[in-house]
Amino acid sequence: RNAARLVLRNMAAVCARGEGSYRHVAALSLGVPLVKAGDLAFLMRRSDRAGAVARELVDSADGYVVVSPSSVVDAYCRRVGIDYAGLMGRFTRRLVDEGHHVVVLAHSFRPSSKPSRMNDVPVCREVISRSGVGDRVTPVLGDHPPTVLRALIGRARTLVTSRFHAMISGLATATPTVVVGWSHKYAEVMSGFEMQDFVLRFETIDDDVLWESYRTADSQDADLRARIASGLPAVTRQAEVNLDVIRDVLAANELA
């Protein structure tokens, strides 16, 4: 909070992503304009090239389930004695045993083999190893542009993730999405699509809770896709607020 005060009070304006973040920033009493806005990642444009690369990475005519773990949630789970990698591995095995094509996706990549907040590759590898069906899982663990990651998620039948911006890509492509999260920010965004029931707190997660949430999402595929698509225009407009604020600040500076 002290660091936030030092930095943010020097801004021309602050855009807070969601109601909870807005309250947190408002409590800092920065004395600068504060605006509620959506996540800018909703505005990322898809391209034909990204779609082609996604199809090269995962060739599946019957659809697939994307499992995208997070090193951040893994760390939170370790602190409270929850075996996150084991749980996600068992979930992956169950999907495979039921005949699903599973793609394990590292949404946040660093070339280092060391775990870090921005490197999901180690936890993805552990999930694959713990699943016991690694030879039947498609790993996508390389350094790929976000447009390709979104295209991969957009072709999935269902997304199960703990990575915030993987969730954003699921929603941006109207893909039924289940989230295991650690912060208010997940439910905050999902509620814009009436999808908050598919956000699971990491402290309460277990094999049955995760599986039932996935099965519910999968069984309601058409309804959830329509629900997400219905909410997308308003959420996209909220994301554009960021650009409106930037434009206004630049215009004011030009006049000055």
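Since this is a predicted model, take the numbers as computed values, not measurements. (Residues numbered from 1 in each chain as written. Predicted model: local features only at pLDDT ≥ 70, side-chain atom pairs only at ≥ 80, totals over all residues. Heavy atoms only, no water.)

**Re the overall build of the protein**
So, step 1. Across its full length, the protein carries eleven helices and eight strands.
So, step 2. Against the 2.2 N^0.38 benchmark of 18 Å for 256 residues, the protein shows a C-alpha radius of gyration of 19 Å, consistent with a compact globule.
So, step 3. For the protein, the spread of C-alpha atoms along the three principal axes comes to 65 × 40 × 35 Å.
So, step 4. Within the protein, the proportion of its 256 residues that are buried is 49%.
So, step 5. Restricting to contacts in the protein with at least 6 residues of sequence separation, those with at least 24 account for 64%.
So, step 6. Of the roughly 12,500 Å² that the protein leaves accessible, carbon and sulfur atoms contribute 51%.
So, step 7. Looking at charge distribution, the protein has the averaged site of its 32 positive side-chain charges lying 6 Å from that of its 29 negative ones. (Helix = DSSP H or I, 4+ residues; strand = E, 2+ residues; numbered from the N terminus. Rg over C-alpha atoms; globule rule 2.2 N^0.38 Å. Buried < 20%, exposed > 50% of the residue type's maximum accessible area, 1.4 Å probe, protein only. Contact = heavy atoms within 4.5 Å. Areas by Shrake-Rupley, 256 points an atom, 1.4 Å probe, with all protein chains shown as cover. Lys, Arg positive; Asp, Glu negative; His and termini not counted. Charge placed at Lys NZ, Arg CZ, Asp CG, Glu CD.)

**A short note on the pattern of salt bridges**
So, step 1. A complete count under the given rule lists 18 salt bridges for this structure.
So, step 2. One salt bridge connects E240 with R237, and the closest N-O pair in it is separated by 3.2 Å. Here the residue E240 and the residue R237 both occupy positions in helix 11 (residues 221-255), the gap between them amounting to three residues, near one helical turn.
So, step 3. Taking the relative accessible area as the measure of exposure, E240 reaches 31% and is therefore partly exposed.
So, step 4. The closest approach of N and O atoms between R247 and D248, which form a salt bridge, is 3.9 Å.
So, step 5. Taken together, the shared-partner salt bridges connect D74, R78, D83, E126 and R130 into one network. (Salt bridge = Lys/Arg side-chain N within 4 Å of Asp/Glu carboxyl O.)

**What to know about the packing of aromatic side chains**
So, step 1. Under the defined criterion, the tally for this structure stands at seven aromatic pairs.
So, step 2. Both rings, one in F164 and one in Y186, keep their centres 5.8 Å apart while their planes meet at 70°; by these two values the pair is edge-to-face. Remark: Y186 occurs in helix 9 (residues 184-190) and F164 occurs in helix 8 (residues 164-172); sequence separation between them is 22 residues. As far as the burial class goes, F164 and Y186 line up, both buried.
So, step 3. Taken together, Y76, W182 and F202 form an aromatic cluster joined through their ring pairs.
So, step 4. Here the guanidinium or amino end of K185 rests over the ring plane of Y186, the centre of that ring lying 5.8 Å away. (Phe/Tyr/Trp six-rings, centres within 6.5 Å; stacked < 30°, edge-to-face > 60°. Lys NZ or Arg CZ within 6 Å of the ring centre and 35° of its normal.)

**Some words on the pairing of strand 3 (residues 65-68)**
Successive residues of a regular strand alternate their side chains across the two faces of the sheet.
So, step 1. Neither face of strand 3 is exposed, since V65 and V67 on one face and V66 and S68 on the opposite face are all buried.
So, step 2. The sheet contact formed by strand 3 and strand 4 (residues 102-105) spans three bridges and is parallel. The residue bridging V67 from the neighbouring strand is V104, located in strand 4. (Pairing = 2+ DSSP bridges.)

**Overview of unusual backbone geometry**
So, step 1. Backbone geometry at A174 places phi at a positive 55°, although glycine is not the residue there.
So, step 2. Residue classification places A174 among the buried residues on the basis of a relative accessible area of 15%.
So, step 3. Here the phi dihedral of E194 falls at roughly 55°; this positive angle occurs in a residue that is not glycine.
So, step 4. For E194, the position within the fold is in the loop between helix 9 and strand 8 (199-201).
So, step 5. Exposure remark for E194: the relative accessible area of 55% places this residue in the exposed category.

**A word on the nonpolar core**
So, step 1. One finds F42, M167, F193 and L210 to be the most contacted residues of the largest nonpolar core, which totals 53 residues.
So, step 2. When residues in this core are grouped by element, the largest group, seven residues, is from helix 5 (residues 84-97).
So, step 3. Excluding its chain neighbours within four sequence positions, the residues that come into contact with F193 are F42, L171, R227, I228, G231, L232 and V235.
So, step 4. If you look at the next biggest cluster of nonpolar residues, it comprises 17 residues, including A50, V103, V148 and L159. (Core = buried A, V, L, I, M, F, W, Y, C linked by side-chain atoms within 4.5 Å.)

**Here's the deal with the sheet that holds strand 8**
So, step 1. Sheet architecture is open: six strands sit in the order 5-4-3-6-7-8, paired in parallel fashion. Each edge of the sheet is formed by a strand with only one pairing partner; in this case those strands are strand 5 (137-140) and strand 8. Pairs of neighbouring strands in the sheet enclose a mean axial angle of 15°, with direction left out of account.
So, step 2. Sheet topology note: the strand 3/strand 6 (residues 158-161) ladder contains four bridges and is parallel. (Axes fitted to C-alpha atoms, helices over the stretch in contact; angles between N-to-C directions.)

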